[in-house]
Amino acid sequence: MEQAPETLNRKQIGRWIAIGVVAAAIVALGVVILQTDVHPRTDDASVRANYIEIAPEVSGRLVELPVKDNAFVKKGDLLFEIDPRPYEYALQQALSDQEALEQQIIDAKRRIAAQNSAAEAALAGVHSSRTGVKTAGSTIDVAKATVSRAQATVAAAEAQLKFATNNLHRIEPLLQKQYVTVEQIDQANTAVRVAQGNYDEAQAALAQSQAQLAQSILRQQEADSAAAESQAKLGQAIHTIDTVDTLMSERPGKAAKVDSARLDLERCRVVAPFNAYVNNMNISIGEYAHPGTPLFTLIDTRTWWVVANYRESKVKNIAIGSHVDVYLMGHPDRRFNGIVESIGYGVFPEDGAVTGGLPNIERTLNWVHLSTRFPVRVRVQDPDPDLFRIGATALTIVR
């Protein structure tokens, strides 16, 4: 039975429509593949941001904790305060020790000034004693010369006395024979008496000069003793002079203790270093803080990134500085602008060559050989801190 021409025409039209649809689908698929290759995209991406763990640097009981978990804080806002009283006492003690040291230095300088005066006086005494020794020596020389002259005078007087006495004894027997006169005898007696007086006077002068010599020698000995004593006092004064070097060397240590105590006191108040969100906070006022033990986490809201894992076949079409469209899974209607900041150069290998310190990107199908994915770090240029959360899923398209 033959079909009507109209029926044949409809079949041909339907066949051509089907061919056109298939061709259009193939073209659309080609365009999509081309676009995907030229503008790589992936939903294997997550939001990242810098964060720090807030840990105290001093120990103590928390007395203030004005922030709450997941709250937004501004730079400079108080996060918590540790009981400052022990550190105030420590600072006062350090300041007191520093002031005590300064007073010791002042007292030491006064004592040294007095000791220097004593040393100068002792030195003057040494000079005076040495002068006395020299004077005593000169006096001894003069006394010795006087003794020598007195001895010569005594010898002359003694000779004169012997001469007069011998002359008297020689002429006295001649008086009976009247060879000499009485007047001559009287003259001889007078000469003897005069010679005797001169001799006695010379003896007295000799005794006096010898006494003066002995006195001069005694004075020299006294001057020597005084000089030795003055020299000893000078040595003792010099030996007892202290210096402030030892005390001065303690100044940096005392100042360092004051600075350390002041720094510990300042560390009792911890403020936010930047605008951030408080996270993972599970403490209350009264908690005892330990140095280095984190209390909670601060998420830095100043800069946000998206780390997108692209297949290795797509990485060749991604360049540093390329523009990226960023969409959040929770807010697909919002488009954010990003820029490629860096491209990863290594991932955790799965061929048995285990290398630590590299990102471990798991492959979802173990029975199919999948293309390796490398992390691409995209910095978001216009983030909305109210929408961005660390770990949120994102979709990225490299333009």
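The structure we're discussing is the one just above.
Residues numbered from 1 in each chain as written. Predicted model: local features only at pLDDT ≥ 70, side-chain atom pairs only at ≥ 80, totals over all residues. Heavy atoms only, no water.

(A) Geometry of the packing of aromatic side chains. Summed over the entire model, instances satisfying the criterion amount to four aromatic pairs. Aromatic side chains Phe-72 and Tyr-277 sit 5.3 Å apart centroid to centroid with 65° between the ring planes, which places their arrangement in the edge-to-face category. Here Phe-72, found in strand β3 (residues 72-73), pairs with Tyr-277, found in strand β6 (residues 276-279); they are 205 residues apart in sequence, far enough to count as distant. A residue is classified by how much of its surface remains accessible, and Phe-72, at 41% relative accessible area, is partly exposed. Judged by centre distance (5.0 Å) and plane angle (75°), the rings of Phe-336 and Phe-388 are edge-to-face. Note that Phe-336 is positioned in strand β10 (residues 331-343) and Phe-388 in the loop between β11 (373-380) and β12 (393-398), a separation of 52 residues in sequence. (Phe/Tyr/Trp six-rings, centres within 6.5 Å; stacked < 30°, edge-to-face > 60°. Helix = DSSP H or I, 4+ residues; strand = E, 2+ residues; numbered from the N terminus. Buried < 20%, exposed > 50% of the residue type's maximum accessible area, 1.4 Å probe, protein only.)

(B) Spotlight on the environment of Leu-387. The residue Leu-387 is located in the loop between β11 and β12 in this model. Separated by 57 residues in the primary sequence, Leu-387 and Gly-330 have C-alpha atoms spaced 8.4 Å apart. The contacts of Leu-387, once residues within four sequence positions are left out, are Leu-328, His-331, Arg-334 and Phe-336. (Contact = heavy atoms within 4.5 Å.)

(C) Fine view of the environment of Arg-262. In this structure, Arg-262 sits in helix α5 (residues 251-266). The exposure class of Arg-262 is partly exposed, given its relative accessible area of 34%.

(D) Summary view of the pattern of salt bridges. Counting across every chain of the model gives 14 salt bridges. The salt bridge partner of Glu-57 is Arg-267, with a shortest N-O separation of 3.4 Å. Pair noted here: Glu-57 is in the loop between β1 (41-54) and β2 (60-64) and Arg-267 is in the loop between α5 and β5 (269-271), with a separation of 210 residues, a long-range link. By relative accessible area, which is 27% here, Arg-267 ends up partly exposed. Of the charged contacts, one joins Lys-162 and Glu-158 as a salt bridge, the two residues approaching to 3.9 Å between their closest N and O atoms. Pair noted here: Lys-162 and Glu-158 are both in helix α2 (residues 85-176), with a separation of four residues, about one helical turn. (Salt bridge = Lys/Arg side-chain N within 4 Å of Asp/Glu carboxyl O.)

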